[in-house]
Every structure is written in C-alpha cells, then in structure tokens.
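Residue strings, one per chain:
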Amino acid sequence: MDSRLWELMLEQYGQRVTLRREEGDLETRAFFQSVREKKPGENPSPLGVGPEGLYLCLGSAGEGLEDVKELLWEGRAFEVLRRRAVHVGGQVLYQWALCRELDEVEP
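Since the model is a prediction, treat every value here as computed from it, not as a measurement.

Overview of the environment of Thr 28
(1) Moving on: Note that Thr 28 resides in strand 2 (residues 24-34).
(2) Moving on: Along the primary structure Thr 28 and Gly 59 are separated by 31 residues, whereas in three dimensions their C-alpha atoms are 8.4 Å apart.
(3) Moving on: The contact partners of Thr 28, leaving out residues within four places of it in the chain, are Gln 15, Arg 16, Val 17, Leu 19 and Glu 63.

This is the structure in structure tokens:
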C-alpha cells in the first residue's frame with residue numbers, strides 16, 4: 001500500500017478529528033476507535049475486552065502528532081499517550097497514536 005491509497009481511504013472513510021496544538025487547531029481526518037484487547041483468562045465478546053477510555057488513532061502520513069496537546073473527536077477531548085510514524089518501504093505510510101479520554105474539553 002502506498003501513501004496515496006491511505007490518504008484516499010482517509011478522505012473517503014475517515015472521521016473528522018481536530019489536532020489541538022500551541023499554534024492553533026487543525027481539522028483533519030483519521031480512523032479513530034476504542035481499543036479492544038483480549039486478556040488471558042477472560043471470555044471476551046467477539047470485539048474483545050476494552051480498557052476504559054483508550055482509543056486508537058490512525059492518521060495522515062503528513063500530519064505528525066509530536067506537538068499535539070489534545071485531540072478532539074465528536075465533542076470529546078483526548079490526550080495522546082503514545083505516537084509513532086509507521087514506515088513502509090522507507091517512507092511514512094501513516095501516523096499511529098494511542099489516546100486516553102480526558103474529563104473535559106479545554107476551550
């Protein structure tokens with residue numbers, strides 16, 4: 001898969017998210033959903049057992065997440081806990097982030 005195909009998928013199927021930075025907000029598109037995981041000894045549903053408040057964000061190769069203070073999605077605010085650029089064939093294909101929901105959205 002090359003970055004053009006990824007960007008096309010984001011444009012067509014991605015959700016609107018806002019990246020909140022010191023220099024201002026940027027609205028973009030990303031795949032954003034709650035994290036589901038299976039823990040040993042549990043009987044999860046087909047979707048797995050989800051830790052409360054953790055979300056996965058897969059975004060554009062061109063939108064680095066290093067300086068993002070908060071991520072906004074559907075009126076809710078999230079803190080970026082971990083982030084990485086995913087490389088394929090020597091180029092960045094997409095940006096990956098693990099986020100935790102915050103109690104309140106800062107104005």
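Right, picking up where we left off after that structure.
Things to note about the pairing of strand 6 (residues 91-101)
(1) Moving on: Alignment of strand 3 (residues 54-59) against strand 6, held across 6 bridges, turns out to be antiparallel. Across the sheet, Leu 54 pairs through a bridge with Arg 100, a residue of strand 6.
(2) Moving on: Pairing of strand 5 (residues 76-88) with strand 6 involves 10 bridges; the strand directions are antiparallel. The residue of strand 6 that forms the bridge with His 87 is Val 92.

Observations regarding the nonpolar core
Burial of nonpolar side chains together is a common tendency in soluble globular proteins.
(1) Moving on: The biggest cluster of nonpolar side chains holds 14 residues, and the ones touching the most others in it are Phe 32, Cys 57, Leu 71, Trp 73, Phe 78 and Cys 99.
(2) Moving on: Secondary-structure elements contributing two or more residues to this core are strand 1 (15-21), strand 2, strand 3, strand 4 (70-73), strand 5 and strand 6.
(3) Moving on: With 5 residues, the next largest nonpolar core counts Trp 6, Leu 58, Leu 93 and Tyr 94 among its residues.

Here's the deal with the packing of aromatic side chains
The geometry of an aromatic ring pair is captured by two quantities: the separation of the ring centres and the angle between the planes.
(1) Moving on: Evaluated as defined, the whole model comprises 8 aromatic pairs.
(2) Moving on: Note on Phe 32 and Trp 73: the rings are 4.9 Å apart at their centroids and 45 degrees apart in plane angle, and the pair reads as tilted. Highlighted residues: Phe 32 in strand 2 and Trp 73 in strand 4, separated in sequence by 41 residues.
(3) Moving on: Residue Trp 73 is classed as buried on the basis of its relative accessible area, which comes to 9%.
(4) Moving on: On the basis of an interplanar angle of 50 degrees and a centroid distance of 6.1 Å, the ring pair of Tyr 55 and Trp 73 is categorised as tilted. Pair noted here: Tyr 55 is in strand 3 and Trp 73 is in strand 4, with a separation of 18 residues, a long-range link.
(5) Moving on: In this structure an aromatic cluster arises from ring pairing among Phe 32, Tyr 55, Trp 73 and Phe 78.

Quick notes on unusual backbone geometry
Note: most peptide bonds trans; most residues except glycine with negative phi.
(1) Moving on: Although it is not a glycine, Glu 74 sits at a positive phi angle of roughly 50 degrees.
(2) Moving on: Here Glu 74 lies in the loop between strand 4 and strand 5.
(3) Moving on: Under the relative-accessibility criterion, Glu 74 is labelled exposed at 62%.

Reading the values: the criteria
Residues numbered from 1 in each chain as written. Predicted model: local features only at pLDDT ≥ 70, side-chain atom pairs only at ≥ 80, totals over all residues. Heavy atoms only, no water. Helix = DSSP H or I, 4+ residues; strand = E, 2+ residues; numbered from the N terminus. Contact = heavy atoms within 4.5 Å. Pairing = 2+ DSSP bridges. Core = buried A, V, L, I, M, F, W, Y, C linked by side-chain atoms within 4.5 Å. Buried < 20%, exposed > 50% of the residue type's maximum accessible area, 1.4 Å probe, protein only. Phe/Tyr/Trp six-rings, centres within 6.5 Å; stacked < 30°, edge-to-face > 60°.

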